[in-house]
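Given next are the chains, with one letter for each unit.
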Amino acid sequence: MEGNGGNYTDKTRVLDIKPLRTLRPVFPSGNQAPPFVCAPPFGPFPPGFSSFYPFSSSQANQHTPDLNQAQYPQQHQQPQNPPPVYQQPQNASEPSLVTPLRSFRSPDASNGNTDLEGSTVKRKIPKRRPIARPENMNFESGINVAERENGNRELVVSVLMRFDALRRRFAQLEDAKEAVSGVIKRPDLKAGSTCMGRGVRTNTKKRPGIVAGVEIGDVFFFRFEMCLVGLHSPSMAGIDYLVVKGEAEEEPIATSIVSSGYYDNDEGNPDVLIYTGQGGNADKDKQSSDQKLERGNLALEKSLHRNSAVRVIRGLKEASHNAKIYIYDGLYEIKESWVEKGKSGHNTFKYKLVRAPGQPPAFATWTAIQKWKTGLPSRQGLILPDMTSGVESIPVSLVNEVDTDNGPAYFTYSTTVKYSESFKLTQPSFGCDCANSCKPGNLDCHCIRKNGGDFPYTGNGVLVSRKPMIYECSPSCPCSTCKNKVTQMGVKVRLEVFKTANRGWGLRSWDAIRAGSFICIYAGEAKDKSKVQQTMADDDYTFDTTHVYNPFKWNYEPGLADEDASEEISEESEIPLPLIISAKNVGNVARFMNHSCSPNVFWQPVTYENNSQLFVHVAFFAIAHIPPMTELTYDYGVSKPSGTQNGNPLYGKKKCFCGSAYCRGSFG
């Protein structure tokens, strides 16, 4: 014990050892050790003392030994910034005193040593890996690593459709449960986290500028959709950014912003946006504090100095959906920034963004539509404000901006299907006996039982899945407030019949249409095709259920929803008799929907009882989210082929002008 050159120290002489359970500090007495000395970590130090690791750095050596300065905490020192400079923002309607953002930097930030609380420049938050449940271990997303990092249009559309199909299924299951007070149902969050955890996503590599596969004008009904396709990563925050190398150190630059519309002002110009920074709650009812130049606010300031373009997503509130929707409006340039007092007197950051030229309209189209709905100004090329003459509850306008044609040939507008005496379904049918409304899972309900025990629609009337046949409650059912009567409620979006450049008259919507939303039925005269086939040869306004169609997948994936794949529902329609509907003399807006080999609308057979007889209707639903003023199209299909044409087993009698990248060249 006496080795090592006599350097052994008896530790019992340093501290009087006590057990930890005494829970009180024990210090050496005055005769056991020198008195304690309090000094800043980087000095100055009294004689005989020096800094120790990790404070023995060059910063400690460079510290000026000013004892008077050392007595004050740094946050009480006077900042070295110049006094605020007041300036007036350009294009402001009224003079106001504003302060440049650089005047509100912290003292360290002015010296290039940015150390902001919560700033991601210095702070890296580890990503949480989703925990895969045992039943999900064998699920394959079908998206490889390269596609997950960098997408394309086809992949972006596929991811959004798969997400929404899963969301509709989760919404259907939630609607079947009894309502619990205080519990908010968010199937979109559940579907989004499921897709994230199982690799159903793309464009995970964050980038500024254009996102591969996302087009200007695309609409989103949920924030999670933007996360899954890489347009805007945060599900809550309004500013997205990444960290890049700066001149001296790493710094954040903004990649995208979501303009909620609550605090932002576009000054009446759809291509100009005055964006309010994040944090501080400066303009909310519960005022908290000034906004800080950190995180997203700092990223916007850095993007201003770098002249880096930012993606802008506009948040819109539409009465027709009773919810907010989002429109991707393209790239914007940040022109200036300033600070002004909010309503509560707190400092708020403001940024002026101007839309980059040469981009197709998106938000500007939406603002023009809002003016059309008020009648000021009048729609350019308007022929009739309502071609239905009040038959539809929502007017359908007739517009021609192409030539001097004053409208289509005369026909009688009707919202119903008239069945000829030659078309009779064999089986009789009876409605349900439910009072007030039918309840999902109630097998005593005749209508629910025919639908397999599930409601075919979500609570807001969105179709959940394609089926061979959907059975709705009839007008004679006592369930007057039942939600299983979606196709009987008529048109719910603002439609417009317009003249196309090369395909006659077409149909589009002033409103954004959510995937699975009902659009209209095909009204007209229903006949048995086997008895009237020759007389319909020259009728261009017909719907033929016997045509062959390109198959496509629209329903949710059972494996993604943790369901048994053997219970997957068939998406092939089943109609008792070969049905053909003619809208040549009597019909509705559906007669104006053109064909496309890449349609955004599909048809679904729906039936309900009337006078103890079952009648079939052809109902149209949106395949995916449809932006405003986008032409509505469906696949006309082709007659049952007998051979091939140019190697294509599906060929029709008429030439196709849809212009799709997947055009098969013919239809009908």
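Residues numbered from 1 in each chain as written. Predicted model: local features only at pLDDT ≥ 70, side-chain atom pairs only at ≥ 80, totals over all residues. Heavy atoms only, no water.

**Thoughts on the overall build of the protein**
In plain terms, the rule: A run of H or I in DSSP becomes a helix once it reaches four residues, and a run of E becomes a strand once it reaches two; helices and strands are each numbered from the N terminus. For every residue, the accessible area obtained with a 1.4 Å probe (protein chains only) is divided by the maximum for its type, and the residue is called buried under 20%, exposed over 50%, and partly exposed between those limits. Only heavy atoms matter for contacts: two residues are in contact if any of them lie within 4.5 Å across the pair. Values of accessible area rely on a 1.4 Å probe in the Shrake-Rupley scheme; residue burial ignores everything except the protein chains shown.
Helix and strand counts for the protein stand at 12 helices and 25 strands. Burial analysis of the protein (668 residues in total) assigns 44% to the buried set. The contacts in the protein between residues at least 6 apart in sequence include a share of 67% that link residues at least 24 apart. Surface summary for the protein: the accessible area is close to 36600 Å², and the carbon and sulfur share equals 51%.

**With respect to helix α10 (residues 363-374)**
Applied cut-off: Residue count minus one, scaled by 1.5 Å, sets the expected span of a helix.
Over its 12 residues, α10 extends 17 Å from the first C-alpha to the last, a length consistent with the 16 Å expected when each residue adds 1.5 Å. Where α10 is buried, its residues touch β5 (310-318) and β6 (323-341). Positive phi shows up at Gly375, right after α10, with a value of about 90 degrees.

**Remarks on the environment of Asn150**
Just so we agree on the cut-off: Nitrogen and oxygen atoms within 3.5 Å of one another constitute a polar contact, given that in protein one can donate a hydrogen and the other can accept it, and given that sequence-neighbouring residues count only through two side-chain atoms.
Here Asn150 lies in the loop between α5 (145-149) and α6 (153-176). In this structure the C-alpha to C-alpha distance between Asn150 and Val211, which are 61 residues apart in sequence, comes to 8.5 Å. Each residue touching Asn150, except ones within four places of it in the same chain, is listed here: Thr202, Asn203, Lys205 and Arg207. Side chain to side chain, Asn150 and Arg207 meet in a polar contact 3.1 Å long.

**With respect to the sheet that holds strand β14 (residues 505-509)**
Here is the rule we go by: Here, strands pair whenever DSSP counts at least two bridges between them. To obtain an axis, a line is fitted to C-alpha atoms, over the contacting stretch when the element is a helix, and the angle between two such axes runs from 0 to 180 degrees between their N-to-C directions.
With mixed pairing, four strands are arranged side by side in an open sheet as β8-β9-β13-β14. The sheet terminates laterally at β8 (382-384) and β14, the two strands that pair on one side only. Sheet twist, expressed as the average angle between the axes of neighbouring strands with direction ignored, equals 35 degrees. Strand direction decides the pairing type here: strand β9 (residues 397-399) and strand β13 (residues 495-499), joined by three bridges, are parallel.

**Regarding the confidence of the model for the protein**
Definition in use: Here pLDDT means the predictor's own confidence in every residue, given as a number from 0 to 100.
The predicted model of the protein averages 80 in pLDDT, with 71% of residues at 70 or higher. Low pLDDT, under 50, characterises residues 57-99; the predicted model gives this stretch 51 contacts beyond four residues in sequence or across chains.

**What to know about the nonpolar core**
Stated precisely, the cut-off is as follows: What makes a nonpolar core is a set of buried Ala, Val, Leu, Ile, Met, Phe, Trp, Tyr and Cys residues whose side-chain atoms join them at distances within 4.5 Å.
By size, the foremost hydrophobic cluster in this structure holds 50 residues, and its most contacted members are Tyr522, Met593, Phe620 and Leu632. Elements represented by at least two residues in this core include exactly β11 (417-419), β13, β14, β15 (518-521), β18 (579-582), β21 (601-610) and β22 (613-622). Tallying contributions element by element places β22 first for this core, with seven residues. Within the second largest apolar cluster, 40 residues are counted, among which are Val159, Val214, Tyr326 and Ala561.

**What to know about the side chain of Ser517**
As for its placement among the helices and strands, Ser517 is situated in the loop between β14 and β15. Within the structure, the side chain of Ser517 is placed 2.9 Å from the backbone oxygen of Arg514, a separation counted as a polar contact. In this structure, Ser517 is in contact with Val462, Phe620, Phe621 and Ala622, ignoring residues within four places of it in sequence.

**Some details on the pairing of β21**
Among the 10 residues in β21, nine count as buried, and that is most of the element. Examined bridge by bridge, strand β12 (residues 470-471) and β21 share two bridges and lie parallel to one another. Following the sheet pairing, Tyr471 is matched in β21 by Thr607. Where β21 lies against β22, 10 bridges are found, and the strand directions are antiparallel. Bridging from a neighbouring strand, Val601 pairs with Ala622 of β22. As consecutive antiparallel partners, β21 and β22 are separated by two residues, and within that stretch Asn611 has a phi angle of approximately 55 degrees, a positive value.

**Some words on the pattern of salt bridges**
Test applied: Think of a salt bridge as a Lys or Arg side-chain nitrogen and an Asp or Glu carboxyl oxygen that are within 4 Å of each other.
The full count for this structure, using the stated rule, is 30 salt bridges. With its nearest N and O atoms 3.4 Å apart, the salt bridge here joins Glu294 to Arg295. For Arg295, a relative accessible area of 36% puts it in the partly exposed group. Put simply, Asp511 and Lys373 hold a salt bridge, and the shortest N to O gap is 2.6 Å. Residue Asp511 is found in the loop between β14 and β15, and its partner Lys373 is found in helix α10; the two are separated by 138 residues along the sequence. By sharing partners, the salt bridges in this structure join Arg379, Glu401, Glu496 and Arg508 into a single network.

**Remarks on the environment of Gly506**
With respect to the element layout, Gly506 can be found in strand β14. Residue class for Gly506 comes out buried when judged on its relative accessible area of 0%. Taking the C-alpha atoms as reference points, Gly506 and Thr633, 127 residues apart in sequence, are found 8.5 Å from one another. Non-local contacts of Gly506, meaning those with residues more than four positions away in its chain, are made with Glu496, Val497, Phe498, Thr500, Phe592, Asn594 and Glu631.

**Observations regarding the side chain of His617**
Relative to the elements of secondary structure, His617 occurs in strand β22. Residue His617 is classed as buried on the basis of its relative accessible area, which comes to 7%.

**Let's talk about the pairing of strand β2 (residues 239-245)**
Of the strand pairs in this sheet, β2 and strand β3 (residues 250-259) are connected by seven bridges, and their pairing is antiparallel. Following the sheet pairing, Leu242 is matched in β3 by Ile253. Once β2 ends, the chain turns through four residues before running back antiparallel as β3.

**Concerning helix α7 (residues 187-197)**
Selection criterion: Picture the helix axis, draw a direction to every C-beta atom, and the arc is the one those directions span.
Along α7, the residues that are buried comprise Pro187, Asp188, Ala191, Gly192, Thr194 and Cys195. Looking straight down α7, one finds that the buried residues subtend no more than 165 degrees of arc, so they occupy a single side. The inward-facing, buried residues of α7 abut α6 and α8 (223-228). Just downstream of α7, Gly199 is the residue with a positive phi angle, here 80 degrees.

**Observations concerning the sheet that holds β12**
Reading across from one edge, β12-β21-β22-β15 is the order of the four strands in this open sheet, with mixed pairing throughout. Every interior strand has two partners, whereas the edge strands, β12 and β15, have only one.

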